Each structure stands twice: as structure tokens, then as C-alpha cells.
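# Fold and contact review
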Amino acid sequence: MTMPFLEVKQLRKSFGELPVLREVSFDVEQGDVIAIIGSSGSGKSTLLRCVNLLETPDAGEILVHGQDILRGRMDV
């Protein structure tokens, strides 16, 4: 079994008292094509902004090839 290209584990993000991402987890294998769908305001853009580090998640892990890309960025 190979390591996923991207692993998102229990990602959380809130803006003030408004929780936007609640314990979001998924894996992406090398070569996978995925789609993120949902209604307006469901957190799609916030999820992508967290994965590409334009937003800092409140909690959780983002691993690329097993390396934690959030190390040292969160105050949890």
C-alpha cells in the first residue's frame, strides 16, 4: 500500500463564532481527479484556502507525501 499524495485529517476552521469546517478528513492518491461540490457557503473555498495555506486552519493536519505542511503555523 502506498502513501496518499495528500492527507487532510480532522481539519477545523472557524471565523469568530461561525464554524466553517468541522472535522474534515480525506485522502487524495497520486493521479486522482476530485471535485468539491456543495451549496454556497458550505466551506468549499475555505477548504481549498486551508489546503494551499492561504488560510491557517484552527486544528487538524495536512500532509503532502507524509510531511506535515502546517508544522509551526497553528497555535493549537
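Residues numbered from 1 in each chain as written. Predicted model: local features only at pLDDT ≥ 70, side-chain atom pairs only at ≥ 80, totals over all residues. Heavy atoms only, no water.

Ordered by their spatial adjacency, four strands build an open sheet running β2-β1-β3-β4, and the pairing between neighbours is antiparallel. At either margin of the open sheet sits one strand with a lone partner, and together these are β2 (18–28) and β4 (67–68). Sheet analysis places strand β1 (residues 6–15) next to β2, joined by seven bridges and oriented antiparallel. Directly across from S14, in β2, lies its bridge partner P19. Contacts from helix α1 (residues 44–51) reach β1, β2 and β3 (59–64) within the one sheet, and its direction differs from that of β1 by about 120 degrees. (Pairing = 2+ DSSP bridges. Helix = DSSP H or I, 4+ residues; strand = E, 2+ residues; numbered from the N terminus. Contact = heavy atoms within 4.5 Å. Axes fitted to C-alpha atoms, helices over the stretch in contact; angles between N-to-C directions.)

Taken together, the side chains of I34, I36 and L48 present a nonpolar region at the surface, about 260 Å² in accessible area. Inspection of the secondary structure puts I36 in the loop between β2 and α1. A relative accessible area of 36% means that I36 is categorised as partly exposed. (Patch = residues over 30% accessible without salt bridge, like charges linked within 9 Å, V, L, I, M, F, W, Y side chains within 5 Å. Areas by Shrake-Rupley, 256 points an atom, 1.4 Å probe, with all protein chains shown as cover. Salt bridge = Lys/Arg side-chain N within 4 Å of Asp/Glu carboxyl O. Buried < 20%, exposed > 50% of the residue type's maximum accessible area, 1.4 Å probe, protein only.)

Under the definition given, this model contains four salt bridges. Note that R12 and E23 form a salt bridge whose closest N and O atoms lie 3.1 Å from each other. You can see R12 sitting in strand β1 and its partner E23 sitting in strand β2, a full 11 residues away along the chain. Of the charged contacts in the structure, one is a salt bridge between E55 and K13, with a shortest N-O distance of 3.7 Å. Residue E55 is located in the loop between α1 and β3, and its partner K13 is located in strand β1; the two are separated by 42 residues in the primary sequence. The buried category is assigned to E55, whose relative accessible area is 19%. Taken together, the shared-partner salt bridges in this structure form one network comprising K13, R49 and E55.

Keep in mind that these numbers describe shape and distance, not what the molecule does.
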